[in-house]
Amino acid sequence: MSKAWNAYLSAKKLADSTGKIEDGIAAGRAHARWLGLFMTEDQREFVGFERASA
């Protein structure tokens, strides 16, 4: 869990410093992966988790 959180924090820090949309998208995907740790399988399917984390 902490690995996913740290990956998100690193990606967010990069996005904040560069302001690049690509870095923001990467940070969003890292955040989605972290949130996915707390979702049930049904929740993941409902929100299209596999697409969002690709």
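This text goes with the structure placed above it.
None of these values were measured; they are calculated from a predicted model.

Chemist: Which parts of the structure should I look at to understand the packing of aromatic side chains?
Modeler: Each aromatic ring pair is specified by the distance between its two centres and by the angle formed by the two planes. Under the definition given, this model contains three aromatic pairs. Ring-pair connections join several aromatic residues into one group, and the members of that group are W5, Y8, W34 and F38.

Chemist: Help me understand the environment of F38, please; the structure alone is not making it clear to me.
Modeler: Within the secondary structure, F38 sits in the loop between helix 2 (21–36) and helix 3 (41–47). Overall, the relative accessible area of 47% leaves F38 in the partly exposed class. Residues F38 and M1, 37 residues apart in the sequence, show an inter-C-alpha distance of 9.6 Å. In contact with F38, other than residues within four places in its own chain, are M1 and Q43.

Chemist: Teacher, can you tell me more about helix 2 here?
Modeler: Working note: α-helix, 3.6 residues per turn, so residues spaced by three or four point in the same direction. Spanning 16 residues, helix 2 covers 22 Å between terminal C-alpha atoms, matching the ideal 22 Å at 1.5 Å per step. Taken residue by residue, helix 2 has D23, A27, A30, A32, W34 and G36 as its buried positions.

Chemist: What am I meant to see in the pattern of salt bridges here?
Modeler: Pairing is possible between side chains of opposite charge, provided their charged atoms come close. Applying the stated rule across the entire model yields two salt bridges. The shortest N-O distance in the salt bridge between K12 and D16 comes to 2.8 Å. Residue K12 and its partner D16 are located together in helix 1 (residues 2–18), separated by four residues, close to a single helical turn. According to the relative accessible area criterion, K12 is partly exposed, its value standing at 33%. Residue classification places D16 among the exposed residues on the basis of a relative accessible area of 54%. Note that E41 and R44 form a salt bridge whose closest N and O atoms lie 3.4 Å from each other. In this pair, E41 and R44 are both assigned in helix 3, three residues apart and thus about one turn of the helix distant. With relative accessibility at 53%, the residue E41 sits in the exposed group. Take R44: its relative accessible area is 23%, and that puts it in the partly exposed class.

Conventions used here
Residues numbered from 1 in each chain as written. Predicted model: local features only at pLDDT ≥ 70, side-chain atom pairs only at ≥ 80, totals over all residues. Heavy atoms only, no water. Phe/Tyr/Trp six-rings, centres within 6.5 Å; stacked < 30°, edge-to-face > 60°. Helix = DSSP H or I, 4+ residues; strand = E, 2+ residues; numbered from the N terminus. Buried < 20%, exposed > 50% of the residue type's maximum accessible area, 1.4 Å probe, protein only. Contact = heavy atoms within 4.5 Å. Expected span 1.5 Å × (residues − 1). Salt bridge = Lys/Arg side-chain N within 4 Å of Asp/Glu carboxyl O.

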